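Here is what each chain is made of, one letter per residue.
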Amino acid sequence: MQQNTSLLKASMVVGFQLGYTVIFGSYASFLFVRTGLVSVGFVAGAISFVYLLFPLTSPALYNDRTDNCECWHTYCYWT
């Protein structure tokens, strides 16, 4: 675990990833059962990945110190 990372925040990130995986897996299974095509699940996964890639990888979501640092990745404040 990184410095200054709370257990609550880490648990929330893990919970979000688990929840998203469960929801997508359920949806992909539903699409497979309804259509009988495995490729529909892959297409839905690719579309959702591309659609959510930039909003969910924003540094503001994972770093509380971005506003106080000159650089976006906050390497300047390592102590």
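Before any of the text, the structure's been laid out above.
Source: prediction; values computed, not measured.

What follows covers the overall build of the protein chain. Counting secondary structure elements, the protein chain contains three helices and zero strands. Intrachain contacts of the protein chain at a sequence separation of at least 6 include 31% that bridge at least 24 residues. Of the roughly 6,800 Å² that the protein chain leaves accessible, carbon and sulfur atoms contribute 70%.

This part covers helix α1 (residues 7-35). Taking 1.5 Å per residue as the helical rise, α1 with its 29 residues ought to reach 42 Å, and the 42 Å between its terminal C-alpha atoms agrees with that figure. In the segment just after α1, Gly36 is the residue with positive phi, at about 80°.

We now examine a nonpolar patch on the surface. Together, Phe32, Val33, Val38 and Phe42 make up a nonpolar patch on the protein surface, roughly 450 Å² of accessible area in all. Among the elements of the structure, α1 and α2 (38-56) are those that each provide at least two residues to the nonpolar patch. Along the polypeptide, Val38 turns up in helix α2. For Val38, a relative accessible area of 49% gives the class partly exposed.

Turning next to α2. Spanning 19 residues, α2 covers 26 Å between terminal C-alpha atoms, matching the ideal 27 Å at 1.5 Å per step. Its maximal kink placed at Val50, α2 deviates by approximately 30°. Those residues of α2 lying buried are Gly41, Ala44, Gly45 and Ser48. In this fold, the buried residues of α2 make contact with α1.

This part is about the side chain of Ser48. Structurally, Ser48 can be placed in helix α2. The class for Ser48 is buried, based on a relative accessible area of 18%. A polar atom in the side chain of Ser48 sits 3.4 Å from the side chain of Tyr20.

Before going further, it helps to spend a moment on the packing of aromatic side chains. For any pair of aromatic rings, geometry is given as the distance between the ring centres together with the angle between the planes. Within this structure, the stated rule accounts for one aromatic pair. Seen from their ring centres, Phe16 and Tyr20 are 6.4 Å apart, and the 25° between their planes marks the pair as stacked. On the criterion of helical spacing, the pair formed by Phe16 and Tyr20 is a turn pair, its members being four residues apart in helix α1. By relative accessible area, which is 46% here, Phe16 ends up partly exposed.

Take the packing of α1 against α2 next. Close contact between α1 and α2 brings their axes to 8 Å; oriented N to C, the two are set at 150°. Classified by the interaxial angle, the pair formed by α1 and α2 is roughly antiparallel. The handedness of the crossing between α1 and α2 is right-handed. Of α2, the residues touching α1 (which contributes Phe16, Tyr20, Phe24, Tyr27, Ala28, Leu31, Phe32 and Thr35) are Val38, Val40, Gly41, Ala44, Gly45, Ser48, Leu52 and Leu56. Of the residues that constitute the contact of α1 with α2, the class distribution is 12 nonpolar, four polar and no charged.

Cut-off values and rules
Residues numbered from 1 in each chain as written. Predicted model: local features only at pLDDT ≥ 70, side-chain atom pairs only at ≥ 80, totals over all residues. Heavy atoms only, no water. Helix = DSSP H or I, 4+ residues; strand = E, 2+ residues; numbered from the N terminus. Contact = heavy atoms within 4.5 Å. Areas by Shrake-Rupley, 256 points an atom, 1.4 Å probe, with all protein chains shown as cover. Expected span 1.5 Å × (residues − 1). Patch = residues over 30% accessible without salt bridge, like charges linked within 9 Å, V, L, I, M, F, W, Y side chains within 5 Å. Salt bridge = Lys/Arg side-chain N within 4 Å of Asp/Glu carboxyl O. Buried < 20%, exposed > 50% of the residue type's maximum accessible area, 1.4 Å probe, protein only. Bend = angle between axes of the 7 residues up to and from the residue. Polar contact = N/O pair within 3.5 Å; in protein donor to acceptor, adjacent residues only side chain to side chain. Phe/Tyr/Trp six-rings, centres within 6.5 Å; stacked < 30°, edge-to-face > 60°. Axes fitted to C-alpha atoms, helices over the stretch in contact; angles between N-to-C directions. Parallel < 35°, antiparallel > 145°, perpendicular 65-115°, else oblique. Left-handed = near helix turned anticlockwise from the far one by under 90°. Nonpolar A, V, L, I, M, F, W, Y, C, P; charged D, E, K, R; others polar.

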